[in-house]
Amino acid sequence: QVQLVESGGGLVQAGGSLRLSCRASGRTFSGYSMGWFRQAPGMEREFIAEIGWGGGRSLSDFVKGRFTISMDNTKTTLYLQMNSLNSDDTAVYYCAAREPGTQWRRGSWGQGTQVTVSS
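To keep things clear, this report deals only with the structure shown in the data block.

### Describing the sheet that holds strand S1 (residues 2-7)
So, step 1. Strand order in the open sheet made by the four strands is S1-S3-S8-S7, with antiparallel pairing throughout. Taken across any chain shown, the strands that pair with only one partner, and hence form the sheet edges, are S1 and strand S7 (67-71). Direction aside, the axes of adjacent strands within the sheet are offset by 15° on average.
So, step 2. Pairing geometry for S1 and strand S3 (residues 18-26), over six bridges, is antiparallel. Pairing of Leu4 across the sheet is with Ala24, part of S3.

Structure (structure tokens):
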């Protein structure tokens, strides 16, 4: 099982930026895809972005041009750079890891980090 720990959340004014980090540890996770999700109060968890082991990326339309997903060279730390934040981005942000060919819900999840955007 991969252990994931997010950090970098906090309170930011609308228009500001934050960078979230997710450190992975535990069993070997070669080949994993890693991603970011978020869940706002009263809403379902939603997909934000994913990066594959080979570096391929996919992002949801609502964050294109504002958020960037990346991974360090050791492939143990995942990042989410968030720019031009607005109140709709207020949520708990989670990182996740999944093995190839499996669903996210069966993967490993972090405990989440709160992002609050004040207008």
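Next comes the rest of the write-up.
### Side note on the packing of aromatic side chains
So, step 1. As enumerated under the stated definition, the model contains three aromatic pairs in all.
So, step 2. Among the aromatic residues, those joined into a cluster by ring pairs are Phe37, Phe47, Trp104 and Trp109.
So, step 3. Just above the ring of Trp109 sits the side chain of Arg45; from NZ or CZ to the centre is 4.7 Å.
So, step 4. The side chain of Lys75 reaches across the aromatic face of Trp53, ending 4.3 Å from its centre.

### Remarks on the side chain of Thr113
So, step 1. Relative to the helices and strands, Thr113 resides in strand S11 (residues 113-118).
So, step 2. Residue Thr113 is classed as buried on the basis of its relative accessible area, which comes to 11%.
So, step 3. A polar side-chain atom of Thr113 sits 3.2 Å from the main-chain amide nitrogen of Gly9.
So, step 4. Among all residues touching Thr113, those that are not within four sequence positions of it are Glu6, Ser7, Gly8, Gly9, Leu20, Ala91, Val92 and Tyr93.

### Here's the deal with the pattern of salt bridges
Think of it this way: side chains of opposite charge can pair up when their charged atoms draw near.
So, step 1. One pass over the full model with this rule turns up five salt bridges.
So, step 2. Between Glu50 and Arg98 there is a salt bridge, and its shortest N-O distance comes to 2.6 Å. Here Glu50, found in strand S5 (residues 46-51), pairs with Arg98, found in strand S9 (residues 91-98); they are 48 residues apart in sequence, far enough to count as distant. Across this residue pair, the class does not change: Glu50 and Arg98 are buried.
So, step 3. We note a salt bridge from Lys64 to Asp61, for which the minimum N-O separation is 3.2 Å.
So, step 4. Residue class for Lys64 comes out exposed when judged on its relative accessible area of 51%.
So, step 5. For Asp61, a relative accessible area of 64% corresponds to the exposed category.
So, step 6. Connected through shared salt-bridge partners, Arg38, Glu46, Arg66 and Asp89 make up one network.

Conventions used here
Residues numbered from 1 in each chain as written. Predicted model: local features only at pLDDT ≥ 70, side-chain atom pairs only at ≥ 80, totals over all residues. Heavy atoms only, no water. Pairing = 2+ DSSP bridges. Helix = DSSP H or I, 4+ residues; strand = E, 2+ residues; numbered from the N terminus. Axes fitted to C-alpha atoms, helices over the stretch in contact; angles between N-to-C directions. Phe/Tyr/Trp six-rings, centres within 6.5 Å; stacked < 30°, edge-to-face > 60°. Lys NZ or Arg CZ within 6 Å of the ring centre and 35° of its normal. Buried < 20%, exposed > 50% of the residue type's maximum accessible area, 1.4 Å probe, protein only. Polar contact = N/O pair within 3.5 Å; in protein donor to acceptor, adjacent residues only side chain to side chain. Contact = heavy atoms within 4.5 Å. Salt bridge = Lys/Arg side-chain N within 4 Å of Asp/Glu carboxyl O.

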